[in-house]
Each structure stands twice: as structure tokens, then as C-alpha cells.
Amino acid sequence: MSFELAVWHEPKPITREHAENVFHTFRHGKPHGASPHPEGQEPEEGHPGVAAFVERLPEAEPLSAAFALVTVDLERADEVAPEVFALAAECGLVCYDPQRGLVHNLSPRGVYPTMEMRTGDGMIVVSPDLQLIRDALATMSPQNPFTALVVFGEHFVQSSPEISGYELEYKDSVRDRMFRTHVPDLEAVQSAFIEYATGERAFLERHDWRLV
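Residues numbered from 1 in each chain as written. Predicted model: local features only at pLDDT ≥ 70, side-chain atom pairs only at ≥ 80, totals over all residues. Heavy atoms only, no water.

A few points about the environment of Pro98
One can find Pro98 in the loop between β4 (94–97) and β5 (102–104). The class for Pro98 is partly exposed, based on a relative accessible area of 25%. In this structure, the C-alpha to C-alpha distance between Pro98 and Leu5, residues 93 residues apart in sequence, is 6.8 Å. Setting aside its immediate chain neighbours within four residues, Pro98 contacts Glu4, Leu5 and Phe23. (Helix = DSSP H or I, 4+ residues; strand = E, 2+ residues; numbered from the N terminus. Buried < 20%, exposed > 50% of the residue type's maximum accessible area, 1.4 Å probe, protein only. Contact = heavy atoms within 4.5 Å.)

Structure (C-alpha cells):
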């Protein structure tokens, strides 16, 4: 079995539904209106585009000047995917993960450049965009049993689905204090994660926590 990731340029953040439509369009060789970078413009400084992405990643195959597909054996997915996510962002490209149905946009992002998102199905993303955080949380299941945002050495927030609702944890690593609570719905988890990513801590006041 193989694992695929696709990259291309978008002028603004897109939804996972839009990304899925674009992916299926170019994956099956049909024309699409995207360009390697904005029509008539040179790539922005530090955002060299699809050609540079393909040049720097041996596993990448250009399907056109506007799109590239990365295909690896499934057992190499956890090894290669973080590199693809990071390189796509560096080249100014969105990255679509058809296995998870998730799109990695360039913005908006949180306030911690080194923050990692880790999921129970093996995804690791450095500095994920906020919509990806929301969407990834919605994919939690028995096969993907947790999602965490981690600023190593400082703090982290983590959630897992329960029979009724979600477990939500927050750790202050500097003070070595871990807190846990139960929230009834996914929206409460998503709000807490977005607040955490943007440097806010209102979720700590909004819920009743116990020290663990």
C-alpha cells in the first residue's frame, strides 16, 4: 500500500472539501485553474513554488507545473510526511493529505513557531495552521485516539474522546503541574486548542479542572 500527499499553490486558505475536489481533479489528469504561483507573478521571497518543491524532495512527482504528488510506501509515511508538510509551507504551497482528509494551509497560524501538533494516528506537524487544528480534532476516533499541541519544555494541551464527550488535559511543564477536565462536545475542545495556539488561556477559567 502507498501513502500520498499533494501540494499546489492557493492564494488564500481553503477548506478540506475544496482541497479534496482539487486533489481528485488533478490526480485523475483533468485540467484545473490553479497556477504554480499567482498568475503573472514571481514566487514570493522564500516561497519558491512547485518546481523548487519537486527539486528538493526526491519522492515528489510533478503532475503539471502547478501540482506535485508525493507517493511513498505506507511504512514510510510517518518518516516522510513531516518533511513534506514543512517543505510545502517553506515553498508557499498548501498540502493535502487524502488519507486523513486534511489540508495544511499557510495561515493563519498560532503564536508558537516551534509548537507541534501530534495525533494518535501518527501525524506530526510543526506550527500547524488554525483550521488544520480544528479539522484534525474532528478526526479523533478509536483509530486516532488523541490530539495534542505541544510546546516542548513549556506546556501542552491534549484531548481524547470518551464515551460521553472528551477528556481535556493541560500541563504547565515549567511548574510540572497537570490538569484534567471533561467537556461535553467537540466545539469546546476546538475552542480550547485554538485559544492555546494563539496564546490565550480563557479555557483554563471556563472549565472545572482537577490536579492530576
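Some words on the pairing of strand β8 (residues 147–151)
Across the five residues that make up β8, a large majority, five, are buried. Where burial is concerned, the two faces of β8 agree: the one with Thr147, Leu149 and Val151 and the one with Ala148 and Val150 are both buried. Here strand β6 (residues 116–119) runs beside β8; their pairing, made up of four bridges, is antiparallel. Residue pairing for β8: Met117 is matched across the bridge by Leu149. If you look at the hairpin formed by β8 and strand β9 (residues 155–161), you'll find three residues sitting between the two strands, and Gly153 has a positive phi there, around 85 degrees. (Pairing = 2+ DSSP bridges.)

Examining the nonpolar core
The biggest cluster of nonpolar side chains holds 53 residues, and the ones touching the most others in it are Phe53, Val70, Ile133, Leu149 and Tyr196. What Leu149 contacts, discounting residues up to four positions off in sequence, is Met115, Glu116, Met117, Pro128, Ile133, His155, Phe156, Val157, Phe193, Tyr196 and Ala197. Counting residues in hydrophobic clusters, the runner-up holds 13 residues, among them Trp8, Ile14, Phe67 and Leu69. (Core = buried A, V, L, I, M, F, W, Y, C linked by side-chain atoms within 4.5 Å.)

Considerations on the sheet that holds strand β1 (residues 2–8)
Across the sheet, five strands lie side by side as β2-β3-β1-β4-β5; this open sheet has antiparallel pairing. Each edge of the open sheet carries a strand with a single partner, namely β2 (60–62) and β5. When the angles between neighbouring strand axes are averaged without regard to direction, this sheet yields 25 degrees. Alignment of β4 against β5, held across three bridges, turns out to be antiparallel. Across the sheet, residue Tyr96 finds its bridge partner in β5, namely Val103. Along the sheet, helix α1 (residues 16–27) contacts β1, β3 (67–73), β4 and β5; its crossing angle with β1, the most-contacted strand, is approximately 105 degrees. Sheet contacts for helix α3 (residues 77–90): β1, β3, β4 and β5; angle to β1, the most-contacted strand, approximately 0 degrees. (Axes fitted to C-alpha atoms, helices over the stretch in contact; angles between N-to-C directions.)

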